[in-house]
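Now for the letters of each chain:
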Amino acid sequence: MAEEQRKPKRSKDSVANTLIVSIGISLVASVMVAGTAIALKPVQERNEERFRQQIILDVAGLYEPGADIGELFTRIDTRFIDLDSGSYVDGIDEDEFDAELAARDAETGIAIPPGADVANLRRRARLAPVYLVRDNEVLEQIILPVYGPGLWSTMRGFLAVNPDGNTVRGLRFYEHAETPGLGDQIDKPAWRSQWAGKQLFGDDDQPQIDVIKGFVDVNSAGAIHQVDGLAGATLTGRGVANLIRYWTGPNAFGPYLALRRTEAASDD
Ligand SMILES: Cc1cc2nc3c(=O)[nH]c(=O)nc-3n(C[C@H](O)[C@H](O)[C@H](O)COP(=O)(O)O)c2cc1C
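The sections below set out a description of the structure shown in this document. (Residues numbered from 1 in each chain as written. Predicted model: local features only at pLDDT ≥ 70, side-chain atom pairs only at ≥ 80, totals over all residues. Heavy atoms only, no water.)

1. Things to note about the overall build of the protein chain
Here's step 1: Helix and strand counts for the protein chain come out as seven helices and ten strands.
Here's step 2: Each principal axis of the C-alpha atoms in the protein chain carries an extent, and together these give about 110 × 45 × 45 Å.
Here's step 3: Every one of the 268 residues in the protein chain was classed for burial, and the buried ones make up 39%.
Here's step 4: Long-range contacts, defined as pairs at least 24 residues apart, comprise 55% of the intrachain contacts of the protein chain with a sequence gap of at least 6.
Here's step 5: Carbon and sulfur atoms make up 55% of the accessible area of the protein chain, which totals about 15500 Å². (Helix = DSSP H or I, 4+ residues; strand = E, 2+ residues; numbered from the N terminus. Buried < 20%, exposed > 50% of the residue type's maximum accessible area, 1.4 Å probe, protein only. Contact = heavy atoms within 4.5 Å. Areas by Shrake-Rupley, 256 points an atom, 1.4 Å probe, with all protein chains shown as cover.)

2. Thoughts on helix α6 (residues 234-248)
Here's step 1: The end-to-end C-alpha distance of α6 is 21 Å, a good match for the 21 Å that 15 residues give at a rise of 1.5 Å each.
Here's step 2: Those residues of α6 that fall on the buried side of the exposure criterion are Thr 236, Gly 237, Gly 239, Val 240, Ala 241, Leu 243, Ile 244, Tyr 246, Trp 247 and Thr 248. (Expected span 1.5 Å × (residues − 1).)

3. Remarks on the nonpolar core
Here's step 1: With 39 residues, the main nonpolar core has Trp 195, Ile 244 and Trp 247 as its most contacted residues.
Here's step 2: Ignoring sequence-local partners within four residues, the contact set of Ile 244 consists of Val 146, Leu 159, Leu 171, Trp 195, Leu 200 and Ile 209.
Here's step 3: Counting residues in hydrophobic clusters, the runner-up holds 15 residues, among them Ala 60, Phe 73, Ile 76 and Phe 158. (Core = buried A, V, L, I, M, F, W, Y, C linked by side-chain atoms within 4.5 Å.)

4. Details of the site of the ligand
Here's step 1: Inspection of the region around the ligand gives Leu 151, Trp 152, Glu 178, Thr 179, Leu 182, Gly 183, Lys 213, Gly 232, Ala 233, Thr 234, Leu 235 and Thr 236 as its neighbouring residues.
Here's step 2: Contact between the ligand and Thr 234: an oxygen atom at 2.5 Å from a side-chain N or O atom of the residue.
Here's step 3: Relative to its free-state accessible area of 610 Å², the ligand is covered by the protein chains to the extent of 56%.
Here's step 4: Looking at the shell around the ligand residue by residue, the class counts come to five nonpolar, five polar and two charged. (Near = heavy atom within 4 Å. Polar contact = N/O pair within 3.5 Å; in protein donor to acceptor, adjacent residues only side chain to side chain. Nonpolar A, V, L, I, M, F, W, Y, C, P; charged D, E, K, R; others polar.)

5. Topic: a nonpolar patch on the surface
Here's step 1: Together, Val 15, Leu 19, Ile 23 and Leu 27 line one region of the surface with nonpolar side chains, adding up to about 410 Å² of accessible area.
Here's step 2: Considering the arrangement of structural elements, one finds Val 15 in helix α2 (residues 15-59).
Here's step 3: Judged by relative accessible area, Val 15 falls into the exposed class, the value being 64%. (Patch = residues over 30% accessible without salt bridge, like charges linked within 9 Å, V, L, I, M, F, W, Y side chains within 5 Å. Salt bridge = Lys/Arg side-chain N within 4 Å of Asp/Glu carboxyl O.)

6. Some thoughts on the pairing of strand β5 (residues 127-135)
Here's step 1: With seven of nine residues buried, β5 lies mostly within the body of the structure.
Here's step 2: As judged from the seven bridges shared by strand β1 (residues 76-82) and β5, these two strands associate in the antiparallel manner. Of the residues in β5, the one forming a bridge with Asp 82 is Leu 127.
Here's step 3: In this sheet, strand β6 (residues 138-149) lies alongside β5 in antiparallel orientation, the contact comprising five bridges. Pairing of Asp 135 across the sheet is with Val 138, part of β6.
Here's step 4: The antiparallel hairpin formed by β5 and β6 contains two residues in its connecting segment, where Asn 136 sits at a positive phi of about 50°. (Pairing = 2+ DSSP bridges.)

Spelled out as structure tokens, the structure:
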């Protein structure tokens, strides 16, 4: 009788057991993955910050392979400017500021008027960081963050300008997904080296930079504003020209750069 009342044993291979074990393993695995992601987030953020600093140092010509990036970066003073007025704004936490996030927010960003939106960005932040490189208190160069669409991707980089607010020192992109061998020539030293010495503005104070199709005729009047086209990647090159013209133009860093040009003219 007792034998008959004993509950039948559940087979180890039953559907219920299989489900319990697989759900258990999934739970443990997801907790481990989520825990690792949370634990590694600060490391990832620090590495991203170091990488950004390295690119800024590189475009400024201050990067030394193997040197401590944080130490080298102490030569650079990060300031924020109000893009509309071009004047400096204090009290902004650099670590908390994300220009593209700020652009999307109704309070911290504004819509770019369609006529001014040469890089097709639609919105921009009200504020932007600038990185000032000084040598013994003397301003040597100004580094501006720039971004805009290429053919396949948003290209993000830094433009280094002399304190005259007009002469380019260098251009360096640190993030894009243009095609290797085509659009990614924007990263190659041969193409990048052409930017040093180019003038951003014409006599009319309007941005004149252009990435032309083919090669620059060095004897032409416009050569001082022009860079060679990218073979097989005209659209990426056009994207670079558009984003530089936008960010140096009146809706972006234009007022700030105009103040630097006025200052430089009065120093002469
Ligand atoms: C697989 C593939 C990848 C391409 N990648 C790029 C690119 O990264 N940038 C670009 O401007 N054009 C790229 N192109 C070429 C463009 O589609 C377009 O043909 C070109 O920009 C036209 O101008 P061009 O040939 O005079 O430079 C690519 C084309 C193909 C088929």
